[in-house]
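Each chain is listed here by its residues.
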Amino acid sequence: MSAVWWKGIAPVVARLSCDGREHELRWTAGELLAPSHPDLAGEQILGALAGQRCACLDALDAWAGHAGDLRVLVLASRGPADPVLVRPEDGLLGQPPGARAQLARRRAAVAAIMGGQASRDRDRGDPLATLLGLGAPLQARLTATVAAAWRERLRDGAAPADTAAAQAARPALHAALYGRVVATLRGWTGQPGLRVTLTMIPEAAPPALARDGDGIAVELPFGWISDVWARGLGTCWDRFCLAAGPAGDGWELSTAGPDLGAAEPIMISGSAGG
Amino acid sequence: VAEFDAELYLRLAGERTLLDSSGDDGPAESSPLEAAGHALVAVGAITAGAAQAIVDDYQLALSYRRGEHPHRRHVRARRSALSSSPGHRLAALRAVACGRLIEQPWGQLFLRYLVLRSGSISLHVSMRASLATPGPPTRSLRPGFASATSRVRMARPGPGPRVSGPGLPQQLTITDDQGTSVSASLSGSGNDHEWDGEFEATAGLAQETAWIEVLGERVELPTEPSPSPDVWVEPLTAQDPAVDYLWARVAVRSEFHGPGTLESSMEALVAAGSLASDDPAIAEVRAVAAHLSRGSGGARAAGHQGRLPEPWRSMMARRGRDSGPDGLVVAGVTTPEFDGITAAVLTVRSADEGFIADVEVVPGLPLWRWLDASVDQPLLAWWAADDRGHHYLGRPGSWHSSLDHSGGQIEFWPALDPAARVLDIRPATMAARAVIRVPLEWGEEPER
């Protein structure tokens, strides 16, 4: 029950200041594009030769650089009830190289005065902060991108190196899934303190949901983030979605009701999450 | 039984911290995540580097949700950098009692004691402005044990030998028997009418000087403190690392910087298999922590003393007594290094309610706060014991800390037994402790 990871995730547009003008960044079909720069390759070459950069190109580079970054899953929002308040200007994108270097030197100097080493991109001045500051919709798509990359490594038949990487990252992946599942379940039940026990199961294993004392025990694969959460299908018609997959021109959801009874299918037509 | 995964445990604690913080836009006072991280590192369940990376990431995530400035990561970075950079040592020192009261038009200057080092001096004083000047209520210069709130030392900025309004001088010129003069600046704590602190200069005087001159008065110095304290270091063998850790937590009173952090530590240790969930030490630690959190009221704690282990039970029983002797003992002794720490005890000053040790510590250890602490910051507890079998516990009061050096006053409770003749001050980490054996031959304190 899986599809191309970006299928059903609606395109979004973010705006940012680039060379003194407001430009658009467009995410669609799993890719971030800079439509205000039609000759992107040429601009990249010219920029490299002249030592000049612009915010749009920086954003594309940052996106590519963080497309598999597990820290995205830590820093980005778990859902609508978890707003992330980073401002785009907290990052360095779009600053000319001289200014960026100056800022970096200043930060390093401040860190040195404070007695420590310069933070290694773990600051509000880091490009990831700027990406997160481009708005919740784009932030959710960055999360979907990262989740999809790691989900591929978890699949049976993944390359040995990918499998090993996924095994090493398992605690981070489990935690990322936990945070998003708990946020969704708490919103669904209306219980902000709901206790949730999550078992992260193999990608091909059947999901499950059951009452666990005064809490809920749930068994889900990491791919739930890509298949369900990223498509905005966490809850549907007052039911919790355990899994989602393409069915014809729509989607088939496996859902549990408020009574936490047996899972039942729901068919929806058209785009999910849009 | 699944093997305990410390990284997963910490990350899930981080997720719960984030989820539970939704809608809470105030600054985090404490974090169960950090408490769990510190506990797991202490028992070796995870490396400090791995735990710190997780804690830092989740703290950054929290700051993104609260609009906080993430400067404290720099603080942590410097603590971590410092802990891995050896070489900081306390310089040899000579500490001598002065015991001189100097009357001035602006008020009284009492010279308590002088610390001479190669390249620096500090003259520890108390000052009181002339009584003619009205002002706000002043605090006693005696140990202030009534308040559980730590006083933070403040430096008085600005050069020049000026006094501010009805206040007190901020600089003094001090001269030795070689004719060398230094200008020393005031730091410490107090108000415009009373000040308790020290005049410090980064230029040194002759370490063996027989006298100093201050405000035109010559102050003869004793050749040596007599008798000299003994000092040694003892390794501490862990009986049970998890239980020892919890007791150390209670002794440094770190749990008071966030309700629930002690429970978070216990949960982490139980989850890691380092502590049995039915270990009787858990109830004892909880009972002591509860008593300590009730403040200094001995009577309030009296009803539950039967459940407390020693030395806590006898300490609680003596809490609140105002029977300590009045006086000052100059120790002026530096410990050998223990568990990466070197400490100097300059003086012990006793009063009715308790006693204070003026100390210095290398490397710089800040007042314990979870938000500033790295996951491997040592728990330095200040214990003391006298020759009468009584035990005492100290905590930083007035305190200052820099990158490689910290110091100030350790306020001990309960009040010192007036019959005690010897006091062992025992700064201790979980791995080792120093013992500074101070003969209690009291010098005079100023009449207040």
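Computed from a predicted structure; not experimentally measured.

Colleague: Hey, could you go over the confidence of the model for chain B for me, with residue numbers and the actual values?
Modeller: Residue and element names in this part refer to chain B. Per-residue pLDDT for chain B has a mean of 81; in total, 77% of the residues score no lower than 70. The lowest-confidence element of chain B is strand S4 (residues 154-155), averaging 39 in pLDDT; the highest-confidence one is strand S17 (residues 422-428), averaging 97. Scored below 50 in pLDDT, residues 72-78 shows 29 contacts in the model against residues more than four places distant or in partner chains. Confidence drops under pLDDT 50 across residues 132-166; counting only partners more than four residues distant or on other chains, this segment forms 86 contacts. Here the predicted complex scores 0.81 on pTM and 0.87 on ipTM.

Colleague: Explain unusual backbone geometry to me, using residue names and the numbers behind them.
Modeller: Going from Glu310(B) to Pro311(B), the amide bond is cis rather than trans, its omega being 5 degrees. Relative to the helices and strands, Pro311(B) resides in the loop between helix H8 (298-301) and helix H9 (312-318). Residue Pro363(B) is reached from Val362(B) by a cis peptide bond, and omega for that bond is 0 degrees. Take Pro363(B): it is sitting in the loop between strand S13 (355-362) and strand S14 (381-386). Despite not being glycine, Trp237(A) has its phi angle at roughly 55 degrees, a positive value. Position of Trp237(A) among the secondary structure elements: in the loop between strand S7 (235-236) and strand S8 (239-247). Classification of Trp237(A) as exposed rests on a relative accessible area of 62%. Look at Asp339(B): it is not a glycine, yet its phi comes out positive at around 50 degrees. Here Asp339(B) shows up in the loop between strand S11 (327-334) and strand S12 (342-350). Overall, the relative accessible area of 41% leaves Asp339(B) in the partly exposed class.

Colleague: Give a detailed account of the packing of aromatic side chains, specifying residues and quantitative values.
Modeller: Overall, the coordinates contain 8 aromatic pairs over all chains when judged by the stated rule. Aromatic pair Trp224(A) and Phe240(A): ring centres 5.8 Å apart, planes at 20 degrees, arrangement stacked. Taken together, the positions of Trp224(A) in helix H9 (residues 224-227) and Phe240(A) in strand S8 put the pair 16 residues apart, joining distant regions of the chain. For the pair shown, Trp224(A) and Phe240(A) are each scored as buried. Seen in terms of ring centroids, Trp247(B) and Trp312(B) are 6.0 Å apart; in terms of plane orientation they differ by 20 degrees. Their pairing is stacked. One end of the pair, Trp247(B), is in helix H5 (residues 241-252); the other, Trp312(B), is in helix H9, with 65 residues separating them in the sequence. This pair shows no difference in class: Trp247(B) is buried, exactly as Trp312(B) is. In textbook terms, an aromatic cluster arises when at least three aromatic residues are bridged by ring pairs, as seen for Trp188(A), Trp224(A) and Phe240(A). The ring of Trp229(A) has Arg180(A) lying over it, and the distance from NZ or CZ to the ring centre is 5.3 Å.

Colleague: So what's going on with the sheet that holds strand S6 (residues 215-221) of chain A? Residues and values would help.
Modeller: Residues and elements named next belong to chain A. Spatially, the 3 strands line up as an open sheet ordered S4-S6-S5, and their pairing is mixed. Of all the strands in the sheet, just strand S4 (196-201) and strand S5 (208-212) have a single pairing partner and so form its edges. Looking at each pair of strands side by side, their axes are set apart by 15 degrees on average, direction ignored. Inspection of the sheet shows S5 paired to S6 by 5 bridges, in the antiparallel sense. The residue of S6 that forms the bridge with Arg-211 is Ile-216. Sheet strands touched by helix H8 (residues 170-189): S4, S5 and S6. Its angle to S4, the strand with the most contacts, is close to 135 degrees.

Colleague: Quick one: what's the story with the pattern of salt bridges, residue by residue and with numbers?
Modeller: All names here are of chain B. Enumeration according to the criterion identifies 25 salt bridges over all chains in this entry. Across the pair Arg-100 and Glu-217 runs a salt bridge, and its minimum N-O distance is 2.9 Å. Of this pair, Arg-100 sits in strand S1 (residues 93-104) while Glu-217 sits in strand S9 (residues 217-220), placing them 117 residues apart in sequence. Relative accessible area serves as the criterion here: at 25%, Arg-100 is assigned to the partly exposed category. Owing to a relative accessible area of 27%, Glu-217 belongs among the partly exposed residues under this scheme.

Colleague: Before we move on, can you summarise the side chain of Asp69(A) with the specific residues and values?
Modeller: Residue and element names in this part refer to chain A. Here Asp-69 lies in the loop between helix H2 (55-65) and helix H3 (70-75). Reaching out from Asp-69, the side chain makes a polar contact with the side chain of His-66 at a distance of 2.7 Å. With residues up to four places along the chain from it excluded, the contact list for Asp-69 reads Leu-128 and Val-146.

Colleague: Explain the packing of helix H1 (residues 6-20) of chain B against helix H3 (residues 48-66) of chain B to me, and be specific about the residues and the numbers.
Modeller: Residue and element names in this part refer to chain B. Across the interface, H1 lies against H3 with an axial gap of 10 Å and an inter-helix angle of 10 degrees. The orientation of H1 with respect to H3, classified from their angle, is roughly parallel. From H1, Glu-7, Leu-10, Arg-11, Gly-14, Glu-15, Thr-17 and Leu-18 reach across to H3, where they touch Ala-51, Ile-54, Tyr-58, Ala-61, Leu-62 and Arg-65. Of the residues contributing to the contact of H1 with H3, the split by class is 7 nonpolar, 2 polar and 4 charged.

Colleague: Hey, could you go over the nonpolar core for me, with residue numbers and the actual values?
Modeller: Of all hydrophobic cores here, the largest spans 98 residues; its most connected members are Leu185(A), Leu209(A) and Phe222(A). If one sorts the elements of this core by residue count, H8(A) sits on top with 9 residues. Look past the residues within four positions of Phe222(A) in its chain and what remains in contact with it is Leu73(A), Ala147(A), Trp150(A), Arg151(A), Leu154(A), Leu173(A), Ala176(A), Leu177(A), Met200(A), Ile201(A) and Glu203(A). By size, the runner-up hydrophobic cluster in this structure holds 31 residues, among which are Ala39(B), Ile282(B), Ala287(B) and Ala381(B).

Conventions we followed
- As a convention, each chain's residues are numbered from 1 in the sequence order in which they are written.
- Chains carry letters and ligands carry numbers; both start at the beginning, A for chains and 1 for ligands, and go up in the order they are written.
- The predicted origin of the model limits local features to residues at a pLDDT of at least 70 and limits the giving and counting of side-chain atom pairs to 80 or more, whereas totals for whole chains, interfaces and linings rest on all residues.
- Excluded from the side-chain calculation are hydrogens and water; included are all heavy atoms of the structure.
- For every residue, the predictor assigns a confidence score, pLDDT, that lies between 0 and 100.
- Per the convention used, a helix needs a DSSP run of H or I reaching at least four residues, while a strand needs a run of E reaching at least two, with both numbered from the N terminus.
- Here, residues are in contact when the closest pair of their heavy atoms is within 4.5 Å.
- Exposed residues in this analysis have more than 50% of their type's maximum accessible area, buried residues have under 20%, and partly exposed residues fall in between, with area computed by a 1.4 Å probe over protein chains only.
- Classification of ring pairs rests on two measures: the distance between centres of Phe, Tyr or Trp rings, Trp counted by its six-membered ring, which must be within 6.5 Å, and the angle between planes, read as stacked under 30 degrees, edge-to-face over 60 and tilted in between.
- Put simply, a charge is over a ring when the Lys NZ or the Arg CZ is close to the ring centre, within 6 Å, and near the line of the ring normal, within 35 degrees.
- Between any two strands, pairing holds if DSSP finds at least two bridges.
- A fitted line through C-alpha atoms represents every axis, and for helices the fit uses only the stretch in contact; the resulting angles, taken between N-to-C directions, go from 0 to 180 degrees.
- Salt bridges are defined as contacts in which a side-chain nitrogen from Lys or Arg sits within 4 Å of a carboxyl oxygen from Asp or Glu.
- Each polar contact in these results corresponds to two N or O atoms within 3.5 Å; when the atoms are within protein, one needs to be able to donate a hydrogen and the other to accept it, and residues that are neighboring in sequence are counted only if both atoms are side-chain atoms.
- Under this scheme an angle from 65 to 115 degrees is roughly perpendicular, one under 35 degrees roughly parallel, and one over 145 degrees roughly antiparallel; angles in between are oblique.
- Nonpolar residues are Ala, Val, Leu, Ile, Met, Phe, Trp, Tyr, Cys and Pro. Charged residues are Asp, Glu, Lys and Arg, and all others, Gly as well, are polar.
- Put simply, buried Ala, Val, Leu, Ile, Met, Phe, Trp, Tyr and Cys residues joined by side-chain atoms within 4.5 Å make one nonpolar core.

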